[in-house]
Amino acid sequence: MSENGEDSPHRSRTPGSAAGPDGRPGAGSGGRAGPRPEEIRFFGTTWVHHDGRYGLRRVAVAAGSLAAAVAGCLVLRFAYQGLETARVGGFVDLLVVVTFSVCSAVAFRKTWEGFSRRPADPAREESLRSLRMIGFIGALLAYFLRSLTEAPGEKLRRAEYETALARYQKRQGARTGNPAVRRKPRRR
């Protein structure tokens, strides 16, 4: 699960400037020009105006991520019981517990940071993918906690969208009149 990367890290477009069906940036459905909000997994674009059962979606995402974290803990418990049954030794038991604890802590931190800022180095984030998969419980708990206050990543995407919208409106304000009917200077 990549919270930032609900979207691909290899995305070439800028945040808040979705391409429309005709391929032009900002030309979205209904002929609406300008930047469009980036979709968030499970929320789509309902986070912009908190419509479309946004509250219900937040509750469902929070409950789902917490249930998945609990289920993951149960699976890890069964795996640990398997190690105890196999009598692999205290060192291996300790190693497994420490590994999952550290990976969960790192996954929590990286997931939580991903909700507030884009990664500076996407290649480094990609190299941490396996560590985040091992520490999936930490990532799920971060998702759960963020869902209690907002859609995960909403604050970041809202800031990017409002910045893109302000830039777009500023550019539109600078364009006055119809350039097609602009007078050409007379030759002397």
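Refer to the structure printed above.
The structure contained in this document is the topic of the report that follows.

Here we come to a nonpolar patch on the surface. Side chains of L66, V70, L74, F78 and L141 sit close together on the surface and give an oily, nonpolar patch of about 450 Å² of accessible area. The greatest single-element share of the nonpolar patch, amounting to 4 residues, is contributed by helix α1 (residues 54–86).

Counting 11 residues, the largest nonpolar core consists of I40, F43, W47, V48, Y54, V61, F115, A142, Y143, A151 and Y161. Those elements that place two or more of their residues in this core are α1 and α5 (136–147).

To describe a pair of aromatic rings, one takes the distance between the centres and the angle between the planes. Counted according to the given criterion, the structure contains 5 aromatic pairs. With a centroid separation of 5.8 Å and an interplanar angle of 10 degrees, the aromatic rings of F108 and W112 are classed as stacked. Of this pair, F108 and W112 both sit in helix α2 (residues 90–114), 4 residues apart, which is roughly one turn of the helix. The class of F108 is partly exposed, set by a relative accessible area of 28%. The class of W112 is partly exposed, set by a relative accessible area of 32%. These aromatic residues form a ring-pair network of at least three members: F108, W112, F115 and Y143.

Definitions and limits used
Residues numbered from 1 in each chain as written. Predicted model: local features only at pLDDT ≥ 70, side-chain atom pairs only at ≥ 80, totals over all residues. Heavy atoms only, no water. Patch = residues over 30% accessible without salt bridge, like charges linked within 9 Å, V, L, I, M, F, W, Y side chains within 5 Å. Areas by Shrake-Rupley, 256 points an atom, 1.4 Å probe, with all protein chains shown as cover. Salt bridge = Lys/Arg side-chain N within 4 Å of Asp/Glu carboxyl O. Helix = DSSP H or I, 4+ residues; strand = E, 2+ residues; numbered from the N terminus. Core = buried A, V, L, I, M, F, W, Y, C linked by side-chain atoms within 4.5 Å. Buried < 20%, exposed > 50% of the residue type's maximum accessible area, 1.4 Å probe, protein only. Phe/Tyr/Trp six-rings, centres within 6.5 Å; stacked < 30°, edge-to-face > 60°.

By themselves these figures say nothing about function.
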